[in-house]
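Next come the chains, spelled out residue by residue.
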Amino acid sequence: MGRGKFKGKPTGRRHFSTPEEMLAGTSTRPRSFKREEAEMEEAERSDVESEEESGDENEQKVKGTQGVIQIENPNLEKPKNLKARDVDLEKTTELSRREREEIEKQKAHERYMRLQEQGKTDQAKKDLERLALIRQQRAEAAKKREEEKAAKEQKKSEARK
C-alpha cells in the first residue's frame with residue numbers, strides 16, 4: 001500500500017483497532033495509560049516500603065573517599081526546615097559585618113544630624129556665623145536704603161518750597 005510522497009516517522013504510525021479486536025481483547029493497543037501509571041506507582045511504593053523495612057534510613061551511601069575522610073563542609077548538609085512553632089524567639093542572630101557596619105553608619109549619621117541641629121558641630125558653628133554675618137549685612141543695607149529714601153524725600157520737600 002503506497003503512503004504517498006512523504007514517509008511518516010516509524011514511531012508516528014497510527015494503529016486503529018477494529019471493533020472486533022476490541023471486543024475480543026486481542027488489540028495490541030493498551031486500553032488506558034492511567035492503568036499503566038497506577039501500576040508503576042504501586043511498584044514504586046512497594047520498592048520504597050521494602051527499602052524502609054531494610055533499615056538504615058538515615059545512612060547514606062558512601063561514595064569514593066567520603067567514608068575515609070571526614071569533611072566539615074557546611075554546604076554538604078541539607079538545610080533543615082524549621083516549623084514556625086519550633087523557632088526559638090529568644091535566640092539572637094548575629095549580623096554580618098556589612099549589616100553591622102551599615103547600622104553603625106546610620107547611627108553615626110543620626111547622631112551627627114542631632115548635633116548639627118543643636119549647633120554643636122564645627123560645620124554648624126560656621127553656618128551660624130555666616131548666617132549672622134548675612135543678617136547683619138542685610139540689616140545695614142536696609143538701614144542705608146531707608147536713609148537714602150529719607151534723603152530723597154527731604155530733597156523733594158525742599159524743591160517744593
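Description of the structure in this document. None of the values given here were measured: they were computed from a predicted structure. (Residues numbered from 1 in each chain as written. Predicted model: local features only at pLDDT ≥ 70, side-chain atom pairs only at ≥ 80, totals over all residues. Heavy atoms only, no water.)

### Thoughts on the overall build of the chain
Helix and strand counts for the chain come out as four helices and zero strands. Helices and strands appear in the chain in the N-to-C order α-α-α-α. Every one of the 161 residues in the chain was classed for burial, and the buried ones make up 2%. As presented, the chain carries roughly 17,500 Å² of accessible surface, and 50% of it is formed by carbon and sulfur atoms. (Helix = DSSP H or I, 4+ residues; strand = E, 2+ residues; numbered from the N terminus. Buried < 20%, exposed > 50% of the residue type's maximum accessible area, 1.4 Å probe, protein only. Areas by Shrake-Rupley, 256 points an atom, 1.4 Å probe, with all protein chains shown as cover.)

### Quick word on the pattern of salt bridges
For the coordinates displayed, the defined rule picks out two salt bridges. As a salt-bridge pair, Arg97 and Glu101 come within 3.3 Å of each other at their nearest N and O atoms. In this pair, Arg97 and Glu101 are both assigned in helix α3 (residues 97-118), four residues apart and thus about one turn of the helix distant. A relative accessible area of 41% means that Glu101 is categorised as partly exposed. (Salt bridge = Lys/Arg side-chain N within 4 Å of Asp/Glu carboxyl O.)

### Topic: a nonpolar patch on the surface
Together, Val68, Ile69, Ile71 and Leu76 make up a nonpolar patch on the protein surface, roughly 430 Å² of accessible area in all. Within the fold, Val68 resides in the loop between α2 (33-53) and α3. (Patch = residues over 30% accessible without salt bridge, like charges linked within 9 Å, V, L, I, M, F, W, Y side chains within 5 Å.)

### Re α3
When the terminal C-alpha atoms of α3 are compared, their 32 Å separation across 22 residues agrees well with the 32 Å that a helix rising 1.5 Å per residue should span. Within two residues after α3, Gly119 carries a phi angle of roughly 80°, on the positive side. (Expected span 1.5 Å × (residues − 1).)

### Some words on the side chain of Thr121
Examined against the element boundaries, Thr121 turns out to sit in the loop between α3 and α4 (122-160). At a separation of 3.2 Å, a polar atom in the side chain of Thr121 contacts the main-chain amide nitrogen of Ala124. Here Thr121 is in contact with Tyr112, Leu115 and Gln116, once residues within four sequence places are set aside. (Polar contact = N/O pair within 3.5 Å; in protein donor to acceptor, adjacent residues only side chain to side chain. Contact = heavy atoms within 4.5 Å.)

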